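Listed below, chain by chain, are the residues.
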Amino acid sequence: QVQLVESGGGLVQAGGSLRLSCAASGRTFSSYCMGWFRQAPGKEREFVAAISWSGGRTYYADSVQGRFTISRDNAKNTVYLQINSLKPEDTAVYYCAAATEFRRVAISQYDYWGQGTQVTVSS
C-alpha cells in the first residue's frame, strides 16, 4: 500500500511558477514509477509527466514539454512537479499517482492516487 499526499498548489499569476510535491508513505516508494496527472473543470483527467524508479528517466505530455519538470527524492519519499511559465489553461487539480511500470499514461495503469492539489492561474 502506498498513500500519496499532494501539496504546493495555489493561485498564481500567468507567467509564474509553482512546485508541487507529493509525499508517499511506506517503505516501497522506490519500487514505483510516479506520474502526475491533471484535471481541468469539465474535462477528463490527463497525463502530464512520469518518472522512473530511480528518477533517471522522465517522460512528458507534449502539451507541457519544456515548461514542466518532474523529479523525485527517494530518500524523502517525495516526487515533485516544477511548473514554469504558467498559463491560464494550466488551471486544474493536479494528482500524483504510482505505477509499477514506467511511461504509463493511462489512468488505469496507476495503482495509487493522491487526493489532488488545486492550481489556479489568473490571466
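Now for a look at the structure at hand. From a predicted model like this one, the values you see are computed outputs, not experimental measurements.

## Quick notes on the state of the cysteines
Then, number 1: What the rule picks out here adds up to one disulfide.
Then, number 2: There is a disulfide in this structure between C22 and C96, and the S-S distance comes to 1.9 Å. Looking down the S-S bond of the C22 and C96 bridge, the torsion is 50 degrees, so its handedness is right-handed. Residue C22 is found in strand 3 (residues 18–24), and its partner C96 is found in strand 9 (residues 92–99); the two are separated by 74 residues along the sequence.

## Looking at the pattern of salt bridges
Then, number 1: All chains considered together, the criterion is met by three salt bridges.
Then, number 2: With a shortest N-O distance of 2.7 Å, R38 and E46 are connected by a salt bridge.
Then, number 3: Owing to a relative accessible area of 34%, E46 belongs among the partly exposed residues under this scheme.
Then, number 4: Residue R67 is joined to D90 by a salt bridge in which the shortest nitrogen-to-oxygen separation is 2.8 Å. A residue pair is termed long-range when its members are at least 10 positions apart, and R67 in the loop between strand 6 (58–60) and strand 7 (68–73) and D90 in the loop between strand 8 (78–83) and strand 9 qualify at 23 residues. Across the pair, exposure class does not vary: R67 and D90 are buried alike.
Then, number 5: Three or more residues are tied together by salt bridges with common partners; here these are R38, E46, R67 and D90.

## Remarks on the sheet that holds strand 7
Then, number 1: Taken in spatial order, the four strands of this open sheet run 1-3-8-7, and their pairing is antiparallel. The open sheet has two edge strands with one neighbour each: strand 1 (4–7) and strand 7. For this sheet, the mean angle separating the axes of adjacent strands, direction not counted, is 15 degrees.
Then, number 2: Two strands pair when backbone bridges link them, and strand 7 and strand 8 are joined in this way by six bridges, in the antiparallel orientation. When the bridges of strand 8 are listed, R72 appears paired with V79.

About the criteria used
Residues numbered from 1 in each chain as written. Predicted model: local features only at pLDDT ≥ 70, side-chain atom pairs only at ≥ 80, totals over all residues. Heavy atoms only, no water. Disulfide = S-S within 2.5 Å. Helix = DSSP H or I, 4+ residues; strand = E, 2+ residues; numbered from the N terminus. Salt bridge = Lys/Arg side-chain N within 4 Å of Asp/Glu carboxyl O. Buried < 20%, exposed > 50% of the residue type's maximum accessible area, 1.4 Å probe, protein only. Pairing = 2+ DSSP bridges. Axes fitted to C-alpha atoms, helices over the stretch in contact; angles between N-to-C directions.

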